[in-house]
Amino acid sequence: MNKRDFARLYILSRVGVQLCSEDELTLLPKGTGWSHQVSFIKQCNDLELSSHWWNVLQTLGVQFEPRKFDGQDGNRMHIEYASSLMSSFIQCASKKHYHPDSILALTRSFGNHFECDPYLAPQKLIEYLLSWPTLSNINEKDTRLDLDLCEVSCQKALRLLPSSIARSAVLRRCVIALEASDDEDCGKDYEKHFRVLAM
């Protein structure tokens, strides 16, 4: 774990799952293995899924601490921690030029695994896509500069929210963030403001 080799950790946990399996997909002869080691089986299954996500986060460049994902013994702190990474997850995936639809699917799957609010990923994606890129992180391939793509992707994400009140609330936060921007160019981008208000 010190080297954060999550791909290797995934493989090791997968081996543990195989050793414990009693189904026809197991690599061992029937009646062998550790099928009665219930807590070990659960640990291997949890580690297999978690290490997959840790590898994804690491590949995207999201800064995180694996031990904070521990949700054992009824501890629900892992939900708060995973939720706190959602904005960074979206931003890092966007920098890797992932399409917004792919980012939405990926973050929803991540949120589902770590028991986050099911509406968090769509909300955070909308907030990101409708935010103003600062001079320090802007580049010619920044998804947020493609207003047509942002509008279509935001419309899809808005449909995932539970009510018109939830949709209005996230759009209101986006308008407030645009109005609060210190960047002069943001205030002059009437097209972006118009599209956000029109949603």
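Residues numbered from 1 in each chain as written. Predicted model: local features only at pLDDT ≥ 70, side-chain atom pairs only at ≥ 80, totals over all residues. Heavy atoms only, no water.

> Is there a simple way to think about the overall build of the chain in this case?
Helix and strand counts for the chain stand at 10 helices and 0 strands. What you see in the chain, going N to C, is helices and strands ordered as α-α-α-α-α-α-α-α-α-α. Burial statistics for the chain: of 199 residues in total, 38% are counted as buried. Of the contacts formed within the chain by residues at least 6 apart in sequence, a portion of 64% connects residues at least 24 apart. Accessible area of the chain: about 12100 Å², with a carbon and sulfur share of 54%. (Helix = DSSP H or I, 4+ residues; strand = E, 2+ residues; numbered from the N terminus. Buried < 20%, exposed > 50% of the residue type's maximum accessible area, 1.4 Å probe, protein only. Contact = heavy atoms within 4.5 Å. Areas by Shrake-Rupley, 256 points an atom, 1.4 Å probe, with all protein chains shown as cover.)

> Explain the packing of helix 6 (residues 120-129) against helix 7 (residues 147-158) to me, please; I cannot follow it from the model alone.
Pairs of packed helices are described in terms of their axes, by the angle between the two and the distance that separates them. Direction vectors running N to C along helix 6 and helix 7 enclose 160°, while the axes themselves pass 9 Å from each other. Comparing their axes, helix 7 and helix 6 come out roughly antiparallel. Helix 7 is crossed by helix 6, and the crossing has left-handed handedness. Two secondary-structure elements touch here, helix 6 through Pro-122, Ile-126 and Leu-129 and helix 7 through Cys-150, Ser-153, Cys-154, Ala-157 and Leu-158. (Axes fitted to C-alpha atoms, helices over the stretch in contact; angles between N-to-C directions. Parallel < 35°, antiparallel > 145°, perpendicular 65-115°, else oblique. Left-handed = near helix turned anticlockwise from the far one by under 90°.)

> How should I be thinking about the nonpolar core in this particular structure?
Nonpolar side chains in soluble globular proteins generally cluster together in the buried interior. Grouped together as the largest cluster of nonpolar side chains are 43 residues, with contacts concentrated most on Leu-57, Phe-64, Phe-69, Phe-110 and Ile-126. Setting aside chain neighbours within four positions, we find Phe-69 in contact with Trp-54, Leu-57, Phe-64, His-78, Tyr-81, Ala-82, Leu-85, Phe-110 and Phe-114. (Core = buried A, V, L, I, M, F, W, Y, C linked by side-chain atoms within 4.5 Å.)

> What exactly am I supposed to notice about the pattern of salt bridges here?
According to the stated counting rule, one finds 8 salt bridges in the structure shown. Two residues, Arg-144 and Asp-142, come together in a salt bridge whose shortest N-O distance is 2.9 Å. Here the salt bridges do not stand alone but share partners, grouping Asp-148, Glu-151, Glu-191 and Arg-195 into one network. (Salt bridge = Lys/Arg side-chain N within 4 Å of Asp/Glu carboxyl O.)

> Honestly, the state of the cysteines in this entry has me stumped. Any pointers?
Covalently bonding the sulfur atom of one cysteine to the sulfur atom of another cysteine gives a disulfide. Under the criterion given, the structure shown has 0 disulfides. Cys-154 provides the cysteine sulfur closest to Cys-150, a residue in no disulfide bond, and the two sulfurs are 6.0 Å apart. The thiol sulfur of Cys-174 is not disulfide-bonded, and the nearest other cysteine sulfur, from Cys-154, lies at 7.0 Å. Assessed through its relative accessible area of 3%, Cys-174 is described here as buried. (Disulfide = S-S within 2.5 Å.)

> I tried to follow the environment of Lys-192 on my own but got confused; where do I start?
Position of Lys-192 relative to the elements: it lies in helix 10 (residues 190-198). Classification of Lys-192 by relative accessible area gives buried; the value is 3%. When the C-alpha positions of Lys-192 and Leu-178 are compared, they lie 9.2 Å apart, and in sequence the two are 14 residues distant. Leaving out residues up to four positions away in the same chain, Lys-192 has contacts with Leu-129, Leu-130, Ser-131, Trp-132, Arg-144, Leu-147 and Leu-178. Among the polar contacts listed, one links the side chain of Lys-192 to the backbone oxygen of Arg-144, at a separation of 3.3 Å. (Polar contact = N/O pair within 3.5 Å; in protein donor to acceptor, adjacent residues only side chain to side chain.)

> I'm lost on helix 5 (residues 100-113) in this one. Help?
The α-helix winds at 3.6 residues per turn, so residues separated by three or four positions along the chain end up facing the same way. Its 14 residues give helix 5 an end-to-end C-alpha distance of 20 Å, which sits within 8% of 20 Å, the value for a rise of 1.5 Å per residue. Taken residue by residue, helix 5 has Pro-100, Ile-103, Leu-104, Thr-107, Phe-110 and Gly-111 as its buried positions. Taken end-on, helix 5 shows its buried residues confined to a sector of 135°, consistent with a single buried face. Where helix 5 is buried, its residues contact helix 2 (38-60), helix 3 (77-84), helix 4 (86-95), helix 6 and helix 7. (Expected span 1.5 Å × (residues − 1). Arc of directions from axis to C-beta.)

> In this structure, what is going on with the packing of helix 4 against helix 6? I would like to understand it.
The interhelical angle for the contact between helix 4 and helix 6, taken along N-to-C directions, is 55°, at an axis separation of 9 Å. If you check the angle between helix 4 and helix 6, you find them oblique. The two elements helix 4 and helix 6 meet at a crossing, and its hand is right-handed. On helix 6, the residues that touch Met-86, Ser-87, Ile-90, Gln-91 and Ser-94 of helix 4 are Leu-120, Ala-121, Lys-124, Leu-125 and Tyr-128. Residues of the contact of helix 4 with helix 6, tallied by class, amount to 6 nonpolar, 3 polar and 1 charged. (Nonpolar A, V, L, I, M, F, W, Y, C, P; charged D, E, K, R; others polar.)

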